[in-house]
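Coordinates in review
For reference, the chains in residue letters:
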Amino acid sequence: MEISLVCYQSISLDKIQNSFRFPSSIHEVFRTKPLFSDYCFRFNRRKCGNPCDKIKCFSLEQGLQPRRPKPKPSRNTDSDLKETEETHVKRPSVGICSQIEKLAFCNRYREALELFEILELEGGFDVGLSTYDALVSACIGLGSVRAVKRVFSYMISNGFEPDQYMSNRVLLMHVKCGMMVDARSLFDEMPERNLVSWNTIIAGLVDVGDYFEAFRLFLLMWEFSDCGSRTIATMIRASAGLELISVGRQLHSAAVKFGVGEDIFVSCALIDMYSKCGSIEDAQWAFDEMPEKTTVGWNSIIAGYALHGYSEEALSMFYEMRDSGVKMDHFTFSMIIRISSRLASVEYAKQVHAGLIRHGFGLDIVANTALVDFYSKWGRVEDAKHVFDRMPCKNTISWNALIVGYGNHGWGAEAVELFEQMLREKMRPNHVTFLAVLSACSHSRLFERGWEIFQSMSRDHKIKPRAMHYACLIELLGQEGLLDEAFALIRGAPFKPTANMWAALLTASRVNVNLELGKYAAEKLYGMEPEKLSNYVVLLNIYHQSGKLKEAAGVLQTLRRKGLRMLPVCSWIEVNKQSHVFLSGDKSHVQTNEIYEKVDSLVQEISKHGYVPKEKTLLPDVDEQEQRILLYHSEKLAVAFGLINTMKGSPLQIVQNHRICNDCHNAIKLIALVTRREIVVRDASRFHYFKDGSCSCGDYW
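Structural notes, computed from the coordinates. (Residues numbered from 1 in each chain as written. Predicted model: local features only at pLDDT ≥ 70, side-chain atom pairs only at ≥ 80, totals over all residues. Heavy atoms only, no water.)

**With respect to the overall build of the protein**
Cut-off, in case you're wondering: Helix numbering and strand numbering both begin at the N terminus, where a helix is a DSSP run of H or I of at least 4 residues and a strand a DSSP run of E of at least 2. The buried label goes to any residue with under 20% of its type's maximum accessible area, the exposed label to any with over 50%, and the partly exposed label to all in between, with areas taken from a 1.4 Å probe on protein chains only. Should any heavy atoms of two residues lie within 4.5 Å, those residues are counted as being in contact.
For the protein, the helix and strand inventory stands at 35 helices and 8 strands. When burial is assessed residue by residue, the protein has 49% of its 701 residues classed as buried. Long-range pairs, those at least 24 residues apart, make up 66% of the contacts in the protein between residues at least 6 apart in sequence.

See below:
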């Protein structure tokens, strides 16, 4: 949908006056405190005084004090002067303050705050505005709440009287460090506010997701003060957070009326808002209208296309950005790496990796973490490790990405070793870290180590296990055949069991062919997720494996009654930079005859090693018609095509939209053995790394 600038210019301010309201559904939720019912935009605003003039000034106990004129010196006796000098004269601190300012200027914030301890401990130093400004920068740079409290407390106890600039800096320090309650108190008590003060507190509220309160302050500001492009851009971000495109359009209109519609910040905020509110056409229009397309603008429109699943369009915009000569940053490359992951294209990722290095971001932590994640997801664990090892600086997310990669490929021991190395390097694990390492233990059947790590969460790291951590432990117990213990773990959980926990027990019941427990877990899942197909399919396979054909038929009838249908399965493989897609029994490929002949020859070869087709297999998202084409499942066709069209001895990478069935799993294990190839299959459940007749999953998935 194309939106012309004329349509915004034609909106009268009187129309805006009565239209800037939340929809009735949101208004109903907040009926006790309507946000926009009594407010409107008026461009002929009267200039009033600050509505909070009556708020009392700062005191030493309450906060910063306003600047007061210094008292004139009076005549004193010698004894009075001596006493005054002893009690009130502050010692010069030029050397210490100068060093603090230099350290902060060089971004050595931690050292600056360590030096500040001298001022704290000894006290009585004469500290100037420039030093306080440097300390504020250090607090913001470190994001340390403790540092903010130290510096602010010293300001108060030292009798510092801030001017307007420094009051805004102190407010910004609290906002940037997430201390919004204290920041709001400071803002309310400020004797004077300017545009910077309003923008700081409103932007802070938007950053923490308090969009309603941000709008309250914005409307108050609108009545009594001017607002600039930054304010409009911030409120457009708030509209995006609330996903209220109607409010965003009114702000767009206001920006045009104020003459800031082409401002860079406003344009980028509009692109983001329209994208998040579901109108990629309006986002594209806002991008096209930018007089100067900046890096942030390009990133915003690319992210918008990616958000809506238009991966190829996003990639096309990336190439346009590259050809336009606009400088690309690490966010650009990080997005394209994720888009390449969605397109399952290792070739695109390699090109982006090369561009990352060429543009000087080869050591960037965000982009390299995205690369580690991509290579891990697409079977290139060695490449992921290589990128990880070359990173000069790593954060918790970086460590998590590689641990997840190891775990998904069945490298459980390596994942545990990496986790232990992480602890040795004093990195703090989070709940995602423990989920990754417990999942790795589950995929590699490291029961004892997994149990130890699970217990260490709350004991050593003060992290309460969540439902997903319990699900991993249930899988571990299921692999050991300890179904009673797994069931007891669910019943003894300190919270209501989730669908993931029951699903883990259902899988354990299937693998261990425990019909009664599997049926019980399935019933629990039906109540939580009555429309989720995979729950029915797993139970269906339990009945098949147990020979309960009547019960299996009942499950199929339930599926038909609910209108649930198993989708056709699909597998694809990338050869010579081109993806080839296969459906089960598919005969549309140009090499169909050659592919089917290859499958037949492979079946004959692996039959010598004990392969027998499993006629009762339906696991797990497999269409019923596929029982008649069992030998030509999509994964077998993809493997055969890869063997025909790649060099002897090279590994194969298969991707599919369903969990691999038992028959194909057994067949590919033996194909890897007879062809001496490494075959990696990424299914809807996990990675399967086939080599020398075995699989990394240990036949548990």
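**With respect to helix α20 (residues 346–358)**
This is how the line gets drawn: In this scheme, a helix's expected span is set at 1.5 Å multiplied by one less than its residue total.
For α20, built from 13 residues, the straight-helix expectation of 18 Å at 1.5 Å per residue is met to within 8% by its first-to-last C-alpha distance of 18 Å. Taken residue by residue, α20 has Val346, Ala349, Val352, His353, Gly355 and Leu356 as its buried positions. Taken from the residues just after α20, Gly360 is the one with a positive phi, measuring 85°.

**Digging into the sheet that holds strand β8 (residues 694–695)**
Quick reminder of the rule: Two strands are counted as paired when DSSP detects at least two bridges linking them.
The strand order β4-β3-β5-β6-β7-β8 describes an open sheet built from 6 strands, whose pairing is mixed. The two strands at the open ends of the sheet, each matched to only one other strand, are β4 (578–583) and β8. Bridge count between strand β3 (residues 570–575) and strand β5 (residues 652–656): 3 bridges; the pairing is antiparallel. Directly across from Ile573, in β5, lies its bridge partner Ile654.

**What to know about the packing of helix α22 (residues 381–390) against helix α23 (residues 396–408)**
How we decide: Orientation is described by lines fitted to C-alpha atoms, with helices fitted over the stretch in contact, and by angles between N-to-C directions that extend from 0 to 180 degrees. Any angle from 65 to 115 degrees is called roughly perpendicular, while one under 35 is roughly parallel, one over 145 is roughly antiparallel, and all others are oblique. Handedness of a helix crossing follows the sense of rotation of the near helix relative to the far helix, less than a right angle counterclockwise being left-handed and clockwise being right-handed.
At their nearest, the axes of α22 and α23 sit 10 Å apart, and the two run at 160° to each other. Considered as vectors, α22 and α23 are oriented roughly antiparallel to each other. Viewed along their axes, α22 and α23 form a crossing whose handedness is left-handed. Residue-level inspection shows Val381, Ala384, Lys385 and Phe388 of α22 in contact with α23, the latter providing Ser398, Trp399, Leu402, Gly405 and Tyr406.

**Digging into the state of the cysteines**
The cut-off we apply is this: Defined by distance alone, a disulfide is two cysteine sulfur atoms within 2.5 Å.
With the rule as written, the count across this model stands at 0 disulfides. The thiol of Cys441 is not disulfide-bonded; the next cysteine sulfur, from Cys472, is found 9.0 Å away. When its relative accessible area of 0% is taken as the criterion, Cys441 is described as buried. Residue Cys664 stays outside any disulfide, its sulfur separated by 3.6 Å from that of Cys661, the closest cysteine. By relative accessible area, Cys664 is classed as buried at 0%.

**Here's the deal with the pattern of salt bridges**
Here is the rule we go by: For salt bridges, the criterion is a side-chain nitrogen of Lys or Arg within 4 Å of an Asp or Glu carboxyl oxygen.
For the coordinates displayed, the defined rule picks out 19 salt bridges. Salt-bridge contacts for Glu120 lead to Arg150; the nearest nitrogen and oxygen are separated by 2.6 Å. With Glu120 in helix α6 (residues 109–122) and Arg150 in helix α8 (residues 145–157), this pair connects stretches of sequence that are 30 residues apart. Exposure remark for Arg150: the relative accessible area of 15% places this residue in the buried category. When the shortest N-O distance is used, the salt bridge between Glu417 and Arg424 registers 3.1 Å.

Fair warning: the whole summary comes from geometry, so function is off the table for now.
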